[in-house]
Amino acid sequence: MSFVLERKIAELAVKRASRLAKLVADSHDVNSITKPDQSPVTIADFGAQAVIISALKHVFPNDKVVGEEDADDLRKDPKLRETVWNLVKEATSHDTFSNDIGVIETPEEMMDAIDWGNYTGGPKGRMWALDPIDGTKGFLRKGQYAVCLALAVDSEVVVGAIGCPNLPIDYKSKSENPETGVLFTAIANEGAFQTPLFIDGRRSTKIEFNSINSAAEATFCESVEAGHSSHDTQAKIAKALGITKPSVRMDSQAKYCSIARGDGDIYLRLPVSATYEEKIWDHAAGNVLIREAGGVVTDMFGNKLDFGVGRTLKNNKGVVAAAKNIHPEVLAAVKAATGN
C-alpha cells in the first residue's frame, strides 16, 4: 500500500507547526507551564498540536491521534487561550497550504483539535503519534527541538515526519552561521529523506547511516538531560566498545535524525527508573526514519518497539538505535553494562 498522500500531509502539517514554533522562539518570551508530571509545556506546544491535528482531521477525518497535550489549561485561562489563538492565526497566514490542509476558524475549533489527540492507542487501525514540540527544554534554551509526527497502521509505523528548526541543513558545513531548519521524512520500504524546512523549492535528498566497520569507529548521540537517559552507563558502554570520539548531546528526536544522516552513529536511551515507560510520540517518527536509513531500533533486550499497547512503550525498556552492521555489537555491550 502506498502512503504518498499521508507523507505529503504530514510534511505540510509539520512545516506549518515548525514555522509556528520558530515564530515563538524568535518573537515571543518563551515561558512554560509545568504539567503534573513536572514536564514543561509552552504556547508553541499547544499551537503546534492544534495546527497538526487540524490538518489531519481535514484530510483523514476517521484517523485517530495520540498527542501529548490537551486543551484543559486553555479552556481555564482566557488570556492563555487568546495568546495561542493569535499565534495559530499568525503562523497559518505565513504559509500556502490552506487548500491542502485547511485552516482553523475559531478558538473553540483550535481547542477541539488539541483534544482530538486523546486517543488511548491500540494494536489495530490507523493511528497518528504526535509530539508537537519534542525537547521542550531544548526549545526553552534555544537548543535543538523537533516537531514529530508518525502514522502507525496496525501498530507498525509506516510514515514519519520530523521538523528540526535549529538543525543545520548541511551538517558538514564549516560555516559559523550555517543555514538551519531540516525536514526529515520516511515511508516504510521507500527510504528516508531530508529537505530544507524553511526554503521552498529545494529537492529532497536521500539520507543513510555512515558506513563504518565496527562500533569502535562510532560516535554516540545522546540526550542533554541526564534525567532522560543514564549518561554514566552510556560512558561505560562506549568504553567497552572502544569508542574514543566525544559524544554529541542534543535534545529531542533530532538525535534520530542526526544518526540517520550520518552526524553520529549510535543513539541510546537507557532507563533511569525501573517504572518509567517511554511515550510512543517520543519514538514513532524516529523509528521509521532509522529503519529506512539503514539502521535498526530495538529496546535494550533486542526486542522490536511495540507501538500497539497504548500511549506508552510499556512492553519495552530503553532504546538502542544503530546501523545494522554494528547494532548486535552495541546491544551486547548494553546488556553487559546493565547486567541484562
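Residues numbered from 1 in each chain as written. Predicted model: local features only at pLDDT ≥ 70, side-chain atom pairs only at ≥ 80, totals over all residues. Heavy atoms only, no water.

Peer 1: Go over the domain arrangement of the protein chain with me, naming the residues and quoting the values.
Peer 2: Along its sequence, the protein chain is organised into domain 1 (3-206) and domain 2 (215-338). On the domain 2 side, the residues contacting the 49 residues of domain 1 number 28 residues. Taken together, the two surfaces of domain 1 and domain 2 that pack against each other cover about 2,800 Å², and 61% of this comes from carbon and sulfur. Considering only the side of domain 1, the residues that lose the most area to domain 2 are V157, I162 and Y171, jointly responsible for 19% of the buried surface there. Inspection of the domain 1/domain 2 interface yields three salt bridges. Note that E156 is salt-bridged to K304, the shortest N-O span being 2.7 Å. The tally of links from domain 1 across to domain 2 stands at 14 residue pairs in polar contact (both at pLDDT 80 or more). Among the secondary structure elements, those contributing two or more residues to the side of domain 1 that touches domain 2 are β3 (64-67), β4 (126-134), α7 (136-140), β5 (146-153), β6 (156-168), β7 (180-187) and β8 (191-196). In terms of residue count, the dominant contributor to the side of domain 1 that touches domain 2 is β6 (ten residues). Grouping the amino acids of the side of domain 1 that touches domain 2 by side-chain chemistry returns 27 nonpolar, 15 polar and seven charged. (Domains from an automatic or database assignment. Contact = heavy atoms within 4.5 Å. Buried area = accessible area lost by both parts, 1.4 Å probe. Salt bridge = Lys/Arg side-chain N within 4 Å of Asp/Glu carboxyl O. Polar contact = N/O pair within 3.5 Å; in protein donor to acceptor, adjacent residues only side chain to side chain. Helix = DSSP H or I, 4+ residues; strand = E, 2+ residues; numbered from the N terminus. Nonpolar A, V, L, I, M, F, W, Y, C, P; charged D, E, K, R; others polar.)

Peer 1: I'd love a proper account of the UniProt feature "binding site: Mg(2+)" (unreviewed entry) in the protein chain, names of residues and values included.
Peer 2: Residues annotated by UniProt as "binding site: Mg(2+)" (unreviewed entry) correspond here to E68, D131, I133, D134 and D282. These annotated residues cover 215 residues of sequence, and their C-alpha atoms all fall within 10.0 Å of one another, placing them together at a single site. Take D131: it is sitting in strand β4. Residue D131 is classed as buried on the basis of its relative accessible area, which comes to 1%. Looking at the secondary structure, you find I133 in strand β4. The class of I133 is buried, set by a relative accessible area of 1%. Beyond its immediate stretch of four places on either side in the chain, I133 contacts A21, A44, D45, A48, F139, Y145, A146 and V147. (UniProt positions renumbered as here; feature names shortened; annotations may be inferred. Buried < 20%, exposed > 50% of the residue type's maximum accessible area, 1.4 Å probe, protein only.)

Peer 1: Provide a residue-level description of a negative patch on the surface, including the pertinent values.
Peer 2: Where like charges cluster on the molecular surface, the negative patch consists of D70, D72, D73 and D77. Tracing the chain through its elements places D73 in helix α3 (residues 72-76). D73 gets classed as partly exposed once you look at its relative accessible area, which sits at 30%. (Patch = residues over 30% accessible without salt bridge, like charges linked within 9 Å, V, L, I, M, F, W, Y side chains within 5 Å. Areas by Shrake-Rupley, 256 points an atom, 1.4 Å probe, with all protein chains shown as cover. Lys, Arg positive; Asp, Glu negative; His and termini not counted. Charge placed at Lys NZ, Arg CZ, Asp CG, Glu CD.)

Peer 1: Provide a residue-level description of helix α8 (residues 231-241), including the pertinent values.
Peer 2: Within α8 the residues assigned to the buried category are H231, T233, Q234, I237, A238 and L241. One side of α8 carries all its buried residues, which in axial view fall inside an arc of 160 degrees. Structural note: α8 exposes D232, K236, K239 and A240 on the side pointing more than 90 degrees away from its buried face. Looking at the buried positions of α8, the neighbouring elements they touch are β10 (220-222), β11 (248-249), β12 (266-269) and α11 (327-338). Phi turns positive one or two residues past the end of α8, at G242, with a value near 80 degrees. (Arc of directions from axis to C-beta.)

Peer 1: Break down the packing of aromatic side chains for me, citing the residues and quoting the values.
Peer 2: Counted under the stated rule, the structure contains three aromatic pairs. Summarising the aromatic geometry, the rings of Y256 and Y267 are spaced 4.9 Å apart at their centres and angled 90 degrees between planes, so their arrangement reads as edge-to-face. With a gap of eleven residues between them, Y256 in helix α9 (residues 254-260) and Y267 in strand β12 connect regions that are remote in the sequence. The same class applies to Y256 and to Y267, which are both buried. One cation-aromatic arrangement involves K64 over Y119; the distance from NZ or CZ to the ring centre is 5.6 Å. Across the ring face of F60, the terminal group of R126 is positioned such that the distance to the ring centre comes to 5.1 Å. (Phe/Tyr/Trp six-rings, centres within 6.5 Å; stacked < 30°, edge-to-face > 60°. Lys NZ or Arg CZ within 6 Å of the ring centre and 35° of its normal.)

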